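Working through the structure, step by step
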Amino acid sequence: MTYCVGMVLDKGLVLMSDTRTNSGVDNISVFRKMFTWNVPGERIITLMTAGNLASTQAVISQLEERMKEPDERDNIILKSPTMFQVATEIGKLLRNIIAERQDANGLKGRGRFTASIIVAGQIAGMEPRLFMVYPEGNFIEASRDTPFFQIGETKYGRPIIIRGYDPEMSMEEAVKLLMVSFDSTLKANLSVGLPLDLQVIERDGFQAKHEHRVTHEDPYFQAISSSWGDALKSAFHSLPDYSF
């Protein structure tokens with residue numbers, strides 16, 4: 001399983017993903033799930049993936065067309081004129097890859113190759129945008145009413161974001177909010193694990209303002225985890241007691 005979050009703020013975009021991939025408790029691996037392409041001063045686009053690893057890796061490989069020579073590659077992410085068209089092309093590619101794998105495996109393949117993708121970024125002259133692409137290839141876009149997307153193991157970290165999110169919050173506050181959301185998910189589900197990948201995209205910056213890999217030894221994440229646990233206990237004990 002996995003857990004990825006993309007969040008839209010007035011100041012830009014904040015993204016975070018875990019790296020755990022497992023097929024049973026005795027087969028756990030680390031794979032990056034956040035991928036970025038950018039043209040300085042013109043665009044930055046980041047994808048976060050969840051679901052069947054072979055399917056999502058096939059999407060990334062085909063986007064980059066790694067089998068070709070560098071001067072022969074035709075990366076749709078770098079050539080599409082709008083973020084909407086980027087999401088459209090990624091949706092088509094994801095749908096086709098899933099269909100191919102399911103058809104090749106017959107009835108045994110049904111439901112085994114599903115995946116979803118968060119698409120985030122900004123192209124010069126346009127607003128920062130955030131999309132969630134479904135296995136069927138269709139997608140939705142973040143808005144004021146739905147300002148963040150989650151894929152993977154979403155239920156444990158979602159209440160934290162819903163209560164703490166504010167579109168006017170600073171990038172630093174947003175990172176802190178996501179740290180708490182991920183800590184809550186890590187505590188509740190073994191299929192989500194460190195290290196975590198963090199990326200901050202400032203509006204009109206067209207490059208990552210900040211990138212960081214959060215490991216087990218990360219002092220800030222350790223402080224967040226410990227302090228959040230203490231804060232929850234303190235808040236719980238401050239609530240009115242129930243009386244029979």
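See above for the structure.
A few points on the structure. (Residues numbered from 1 in each chain as written. Predicted model: local features only at pLDDT ≥ 70, side-chain atom pairs only at ≥ 80, totals over all residues. Heavy atoms only, no water.)

Some remarks on the environment of M179
- Along the chain, M179 turns up in helix α5 (residues 171-188).
- In this structure the C-alpha to C-alpha distance between M179 and M16, which are 163 residues apart in sequence, comes to 8.7 Å.
- When residues no more than four places from it in sequence are discounted, the contact partners of M179 are M16, V214, Y220, F221 and I224. (Helix = DSSP H or I, 4+ residues; strand = E, 2+ residues; numbered from the N terminus. Contact = heavy atoms within 4.5 Å.)

A short note on helix α1 (residues 53-64)
- With 12 residues, α1 extends 17 Å between its outermost C-alpha atoms, agreeing within 8% with the 16 Å of an ideal straight helix rising 1.5 Å per residue.
- Turning to α1, its buried residues number three or more, namely S55, T56, A58, V59, I60 and L63.
- Here the buried face of α1 lies against β5 (34-39), β6 (43-51), α2 (76-79), α3 (83-105) and β7 (115-123).
- Following α1 by one or two positions, E65 has its phi on the positive side, about 45°. (Expected span 1.5 Å × (residues − 1). Buried < 20%, exposed > 50% of the residue type's maximum accessible area, 1.4 Å probe, protein only.)

Examining the pattern of salt bridges
- The full count for this structure, using the stated rule, is 11 salt bridges.
- Of the charged contacts, one joins K187 and D183 as a salt bridge, the two residues approaching to 3.0 Å between their closest N and O atoms. One end of the pair is K187 and the other is D183, both in helix α5 and 4 residues apart, which spans about a single turn.
- What makes K187 exposed here is its relative accessible area of 61%.
- Among the residues examined, D183 registers a relative accessible area of 4% and is labelled buried.
- Through salt bridges with shared partners, a single ionic network connects R32, D197 and R213. (Salt bridge = Lys/Arg side-chain N within 4 Å of Asp/Glu carboxyl O.)

Things to note about unusual backbone geometry
- L194 connects to P195 through a cis peptide bond whose omega is 0°.
- Examined against the element boundaries, P195 turns out to sit in the loop between α5 and β11 (196-202).
- With a phi close to 65°, D204 is a non-glycine residue in the positive phi region.
- Counting through the fold element by element, D204 comes out in the loop between β11 and β12 (208-214).
- A relative accessible area of 49% means that D204 is categorised as partly exposed.

Scope: geometric values only; no functional claims are made or implied.
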